[in-house]
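# Survey of secondary and tertiary structure
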Amino acid sequence: MSAIIELNGLRKVYSKRRGDDVVAVEGFDLALGRPGAVHGYLGPNGSGKTTTIRCLLGLIRPTSGTTTVFGVDSSRYHEVAGRVGAIVENPKMFPNFSGKRNLSLLAGISGIPTNEVDRVLGVVGLTDRAKDNFGSYSLGMKQRLAIAAALLKNPDLLILDEPGNGLDPAGIAEMRVLIRNIADQGKAVLVSSHQLAEIEIVCDDVTIISNGRLIESGTLDHIRSFAGGDNVVLTIADTEAALVALEQARIVAHRRPKPGELLVDVAAERTSEVTEVLAAKGLYLSGLRSERPTLEAAFLNLTGAPPPPDGPIAPPGPPNPPPSGNQTEVGGQQ
C-alpha cells in the first residue's frame, strides 16, 4: 500500500527584507500515512512542522522539492481537497453564530448536504451545544467544532496542527479520545504536536524533525528504541544545580516539563552513583523512580533539545505568508 503523503527533497526558505534568509525545512524525503492509523509529527519549537503542513495543503509553495497527497502534487491540491480535512492554527468562526450555523455555512459553500452537519456534530460530541453561539464555547469546544468542520467532507485524511494547544487536561483527554475514534473509523490522521505524552498514547507511528531536517520516522516501538534503555526520573528542589552537578560527572540529564523533575539517562543499577554525585554537592532527592523507554527520552536523545512546554507556544520562525483570499484553513476548503 502506497503512502498517502510523500515529501521529496522538500525545502522551504523564507526571504527576509533585512538579514539572512531563514531555512525552515532543509530538504528531506518522507512517506507516511495509512488508513486507520494516527501519525505523530514531532519536533522542537521552530523545527518546520507547520511549514511542512502548509506546503502539503498548497497554502505556501516549496522553494524546491515536492509534496504530494494521494499521489497529487500539492500545487494541484484542489484536485484532492475533497478527500482532505485540515486544521492549521486557530479555528476561524463567526462568534455570534451558533456552532451549527457556522458549520451550515461551510457546508453550503462547499455543496455538502445539510444532514452532514448533524452527523459531524455528533462525532465530536457537540450535539447538545449545537445551538449555542460559538463565542460562548470553551477552547476545547472550539477545537472540536473546528474538527467537525474538517470532517464535513467525510475526508480520507485528517491533518491537525497542534489540536491540543492551550487545552486543559480534561480537554486534552477529550481530544485524544476523539482523534483515536476518528482513526478507528478507517481515516488516516496526521497530528503535529509538542505534547509528547499525548502523542505516545494516541499515535501508531511517529516522525521527528529538528531544525528543518528529518531525524527519524517509524513505529512507536522503533522510535522508543532510541531512548537508550531504562531511564531514571529524579525529583529534586534545585534542578538547575542538579543539572550542573550531573554534567560535571558526565551523567546525561534533561529537564522535564513537570517542575522539579529531571530525566537521567542511566540504568536503574547506576542510581546510587547519581545520588552520590548529588549528595556530594549538598543536593538531596525527594523522589526517584525507574522509567521504561519512552517517546520523551527518545525525543531528547535524538534531538538533543529539551521537551517542548506543555502550554501554548508561539508559532515558530518567521511569519508565514497568509493564504490567498480563496482559501480557508479550517477544513482545508478551497
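Please refer to the structure placed before this passage.
A short tour of the structure in this document, coming up. (Residues numbered from 1 in each chain as written. Predicted model: local features only at pLDDT ≥ 70, side-chain atom pairs only at ≥ 80, totals over all residues. Heavy atoms only, no water.)

## Focus: the pairing of strand β7 (residues 157-161)
Within β7, five of the five residues are buried, leaving the element largely enclosed by the surrounding structure. Where burial is concerned, the two faces of β7 agree: the one with Leu 157, Ile 159 and Asp 161 and the one with Leu 158 and Leu 160 are both buried. Note that β7 and strand β8 (residues 188-192) share five bridges and pair parallel. Within β8, the position partnered with Asp 161 by the bridge is Ser 192. Running through helix α5 (residues 169-184), the crossover from β7 to the neighbouring parallel element β8 is right-handed. (Buried < 20%, exposed > 50% of the residue type's maximum accessible area, 1.4 Å probe, protein only. Helix = DSSP H or I, 4+ residues; strand = E, 2+ residues; numbered from the N terminus. Pairing = 2+ DSSP bridges. Right-handed = clockwise from strand over helix to strand, strands pointing away.)

## With respect to the nonpolar core
Side chains that are nonpolar tend, in soluble globular proteins, to be buried together. Ranked by size, the top nonpolar core spans 52 residues in total, and within it Leu 103, Ile 147 and Val 189 carry the most contacts. With eight residues, helix α4 (residues 139-151) is the single largest residue contributor to this core. Ignoring sequence-local partners within four residues, the contact set of Val 189 consists of Ala 37, Val 38, His 39, Leu 158, Leu 160, Ile 179, Ile 182 and Ala 183. Leu 32, Tyr 41, Ile 60 and Leu 157 belong to the second-largest nonpolar core, a separate cluster that totals 31 residues. (Core = buried A, V, L, I, M, F, W, Y, C linked by side-chain atoms within 4.5 Å. Contact = heavy atoms within 4.5 Å.)

## Some remarks on the packing of helix α3 (residues 115-123) against α4
Where α3 meets α4, the axes come as close as 9 Å, and the angle between the chain directions of the two elements is 135 degrees. The orientation of α3 relative to α4 falls into the category oblique. You can see that α3 and α4 cross each other, and the crossing is right-handed. For the pair α3 and α4, contact is made by Arg 119, Val 120, Leu 121 and Val 123 and by Leu 145, Ala 148 and Leu 151, respectively. For the contact of α3 with α4, a count of residues per class yields six nonpolar, no polar and one charged. (Axes fitted to C-alpha atoms, helices over the stretch in contact; angles between N-to-C directions. Parallel < 35°, antiparallel > 145°, perpendicular 65-115°, else oblique. Left-handed = near helix turned anticlockwise from the far one by under 90°. Nonpolar A, V, L, I, M, F, W, Y, C, P; charged D, E, K, R; others polar.)

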